Amino acid sequence: MGSPDLWAGLPTLEEPHGEGDTAPDVWEDPIPLTGRRERPSFPAHVFPAWLGDFVAAVAEETQTPVDLAGSIALSVLATAAGGRSVVHVRGNWREPTNLYTVVALPPANRKSAVFALLTNPLYEAEKQLQAVMKPVIVEAELTARLAKEAADKAAARAASADGDKRDEMVATAVGLAQTADTLTVPVEPVLLADDSTPETVTSLMAEQGGRLSVMSAEGGIFDIIAGRYSGAPNMEVFLKGHAGDRLRVNRQTRREYIEAPALSIGLAVQPDVLRDIGKVKGFEGRGLLARFLYSLPVSTVGEREIITDPVPEQTAATYTARVIDLTLSLAEWTDPAVIQLSPDADKALIRYQEQVEPQLKSRGGKLGHISNWAGKLAGATARMAALLHLAEHGGNGYAHPVTGATMEAAIELGEYYTAHAVAVFDVMGADPVLSRARSVLEAFRDNGWEDVSRRDVFTVLSRSEVPTVADLEPALALLEDHGYLRSYQPERTGKRGRPPAPRLQAHPALRHGGR
């Protein structure tokens with residue numbers, strides 16, 4: 001199949017149209033379906049100063065795109081707050097504050113080094129939580145063991161008792177056994193997991209009250225979800241862990257139930273990983289790919305400074321202290337802290353929703369071809385606003401509403417991730433609309449069509465790829481949006497009967513072969 005990128009950069013051409021055509025004569029250069037999308041840099045200025053300064057300093061010392069540290073920083077905030085806070089948007093609409101982020105950069109971009117600098121405070125917070133819980137766990141273990149021993153001794157005495165004393169001793173043994181059974185030993189606190197299996201993630205989340213974060217500078221988690229080692233995809237915990245939907249797992253050895261799971265994922269992978277996951281059956285259909293915030297920055301390899309300024313000690317110390325404080329201050333919450341929006345924040349989000357909604361149309365909408373992803377954009381923006389708010393106010397952020405300025409900052413992040421998502425879905429090729437659009441372009445080139453009906457286009461396409469005419473429409477809309485095609489309404493030839501069906505005109509470059 002020829003690449004549609006070949007038509008980018010062709011001169012503007014003019015073609016005469018037949019009588020009744022309503023389309024203008026001038027054609028602009030078509031926009032490539034894949035390839036060079038404009039991708040803005042990460043807007044680190046939206047962070048509070050303590051976080052933005054650290055992100056910028058890490059990017060400077062490591063000579064990496066600020067996007068890498070910026071996206072990981074969002075995951076760090078989500079790890080600290082996820083499962084312990086929610087944002088109340090309006091009505092019954094609440095969003096948890098966990099996020100899924102993934103940054104794609106080629107090898108030699110120092111992803112692991114940046115990951116370590118950003119996540120170290122989380123491991124320190126985890127150690128502190130474990131140190132606090134250790135004596136509690138020891139005491140609980142001892143109490144449970146003594147209760148079990150007392151129950152066992154009572155049962156032995158009851159078993160050997162005679163006469164009237166037996167019933168009384170059995171009742172005592174039963175009571176002690178029931179008491180021993182109710183005693184639970186707290187588990188050691190765990191905030192982070194690496195590339196764990198879905199079963200391990202589920203068990204850890206159940207043990208940790210529904211809260212967990214998977215952070216990794218590799219993309220192995222996608223292989224695990226796809227079932228490369230187990231033989232079958234298992235993405236249920238990753239779907240429900242993002243949305244906060246109840247999760248029940250019945251196994252032969254144990255049953256696990258999580259009322260409100262809150263899983264955060266922060267990954268830094270190579271671009272090839274995104275191409276591979278786009279080919280995994282079920283990832284897009286089940287909505288897993290739609291849950292990630294994607295970043296595809298431009299690599300700095302080949303343009304890096306050799307001698308760089310290290311992260312200032314005070315900047316690093318402040319970052320560490322603020323992350324640990326936020327994590328520990330929310331760790332004890334069982335019912336999540338509720339973050340409220342101010343009227344100005346709600347108005348800003350409503351305006352953004354009104355801006356995005358028309359773009360989701362399958363026909364003509366700029367985001368129609370990734371509507372599964374873009375349909376979650378408002379919720380992701382609300383989550384990011386809550387995280388920025390907590391970064392500003394710390395663990396007592398629930399005492400203050402999110403301001404309009406903070407929501408505008410989150411919207412800027414939303415626009416950043418939207419631009420990168422469009423580029424990433426091009427790279428993945430996971431969108432069937434994009435694949436169908438390429439097939440339509442090939443059909444136009446092969447048949448030399450200048451003006452054709454939708455039905456004729458549909459006829460030459462594979463039914464396995466395009467089952468119905470309705471499945472063809474989003475692809476045609478995408479090609480029209482990119483300037484390859486135009487749809488027009490022919491004039492009636494008579495006064496009676498139905499109006500003629502809309503037809504399609506091809507860009508002159510497609511008509512003239514252009515190979």
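In case you missed it, the structure is sitting above this.
All values reported here derive from a predicted model rather than from experimental measurement.

**Q** Just to check I follow, could you spell out the packing of helix 10 (residues 343–356) against helix 12 (residues 377–393) for this structure?
**A** Between two packed helices, what matters for the description is the angle formed by their axes and the separation of those axes. Between helix 10 and helix 12, the shortest axis-to-axis distance is 10 Å and the interhelical angle comes to 155 degrees. For the element pair helix 10 / helix 12, the angle class is roughly antiparallel. Of the two possible hands of crossing, helix 10 and helix 12 adopt the one that is right-handed. In this structure, helix 10 uses Leu 349, Tyr 352, Gln 353 and Val 356 to contact helix 12, whose residues at the interface are Leu 377, Ala 378, Thr 381 and Ala 382. For the contact of helix 10 with helix 12, the class distribution of residues is 6 nonpolar, 2 polar and no charged.

**Q** Could you clarify how one ought to interpret helix 12 in this entry?
**A** Quick reminder: α-helices carry 3.6 residues per turn. Residues three or four places apart thus point the same way. If you check helix 12, its first and last C-alpha atoms are 24 Å apart, about what 17 residues at 1.5 Å a residue would give, namely 24 Å. Taking burial as the measure, the 17 residues of helix 12 include 15 buried ones, the bulk of the element. Once helix 12 finishes, Gly 394 follows within two positions and takes phi at roughly 75 degrees, a positive value.

**Q** Is there a simple way to think about the sheet that holds strand 11 (residues 451–453) in this case?
**A** Pairing between the strands of a sheet is mediated by backbone hydrogen bonds and can be parallel or antiparallel. Read across the open sheet, the 3 strands follow the order 11-13-12; overall the sheet is antiparallel. In this open sheet, the two edge strands, each paired with only one partner strand, are strand 11 and strand 12 (485–488). Direction aside, the axes of adjacent strands within the sheet are offset by 30 degrees on average. Both strand 11 and strand 13 (residues 503–506) contribute to a ladder of 3 bridges, which runs antiparallel. Considered in strand 13, the bridge of Asp 451 is made with Gln 505.

**Q** How should I be thinking about the packing of aromatic side chains in this particular structure?
**A** Each aromatic ring pair is described using two quantities: the centre-to-centre distance and the angle formed by the ring planes. Going through the model one piece at a time under the given rule, you end up with 12 aromatic pairs. Between Tyr 294 and Phe 425 the ring centres are 5.6 Å apart and the planes differ by 80 degrees, which places this aromatic pair in the edge-to-face class. Linking Tyr 294 in strand 9 (residues 292–295) with Phe 425 in helix 13 (residues 404–428), this pair joins segments that are 131 residues apart in sequence. Here Tyr 294 and Phe 425 have matching classes, each one buried. Following the ring pairs from residue to residue traces out a cluster consisting of Tyr 100, Phe 222, Phe 292, Tyr 294 and Phe 425.

**Q** Looking at this structure, I do not really get the pairing of strand 1 (residues 85–90). What am I missing?
**A** Looking down a regular strand, the side chains alternate between one sheet face and the other. For strand 1, a buried count of 5 out of 6 residues is recorded, marking the element as mostly surrounded by other parts of the structure. Across 4 bridges, strand 1 lies against strand 10 (residues 337–340) in parallel orientation. The partner of Val 86 across the bridge, within strand 10, is Val 338. Two strands pair when backbone bridges link them, and strand 1 and strand 2 (residues 93–96) are joined in this way by 4 bridges, in the antiparallel orientation. By the bridge assignment, Val 86 is partnered in strand 2 with Pro 96. Two successive antiparallel strands, strand 1 and strand 2, enclose a turn made up of 2 residues, where Gly 91 displays a positive phi of approximately 60 degrees.

**Q** What exactly am I supposed to notice about the sheet that holds strand 3 (residues 100–104) here?
**A** Sheet architecture is open: 5 strands sit in the order 4-5-8-3-9, paired in parallel fashion. The strands lining the two open edges of the sheet, one partner per strand, are strand 4 (192–193) and strand 9. Where strand 3 lies against strand 9, 4 bridges are found, and the strand directions are parallel. Its bridge partner being in strand 9, Thr 101 is matched across the sheet by Leu 293. In this fold helix 2 (residues 66–81) packs onto strand 3, strand 4, strand 5 (211–216), strand 8 (262–269) and strand 9, with an angle of close to 160 degrees to the strand it touches most, strand 5.

**Q** Explanation requested: helix 5 (residues 198–207) in the structure shown.
**A** Along helix 5, the residues classified as buried are Pro 198, Val 201, Thr 202, Ser 203, Leu 204 and Met 205. A positive backbone phi angle near 70 degrees is found at Gly 209, which sits one or two residues after helix 5.

**Q** So what exactly am I meant to see when it comes to the pairing of strand 5 here?
**A** Where burial is concerned, most of strand 5 is hidden: 6 out of the 6 residues are buried. What you see with strand 5 is no split at all: Arg 211, Ser 213 and Met 215 on one side and Leu 212, Val 214 and Ser 216 on the other are buried throughout. Of the strand pairs in this sheet, strand 4 and strand 5 are connected by 2 bridges, and their pairing is parallel. Counted as the bridge partner of Ala 193 is Val 214 from strand 5. Inspection of the sheet shows strand 5 paired to strand 8 by 6 bridges, in the parallel sense. When the bridges of strand 8 are listed, Arg 211 appears paired with Ala 262.

Cut-offs applied
Residues numbered from 1 in each chain as written. Predicted model: local features only at pLDDT ≥ 70, side-chain atom pairs only at ≥ 80, totals over all residues. Heavy atoms only, no water. Axes fitted to C-alpha atoms, helices over the stretch in contact; angles between N-to-C directions. Helix = DSSP H or I, 4+ residues; strand = E, 2+ residues; numbered from the N terminus. Parallel < 35°, antiparallel > 145°, perpendicular 65-115°, else oblique. Left-handed = near helix turned anticlockwise from the far one by under 90°. Contact = heavy atoms within 4.5 Å. Nonpolar A, V, L, I, M, F, W, Y, C, P; charged D, E, K, R; others polar. Expected span 1.5 Å × (residues − 1). Buried < 20%, exposed > 50% of the residue type's maximum accessible area, 1.4 Å probe, protein only. Pairing = 2+ DSSP bridges. Phe/Tyr/Trp six-rings, centres within 6.5 Å; stacked < 30°, edge-to-face > 60°.

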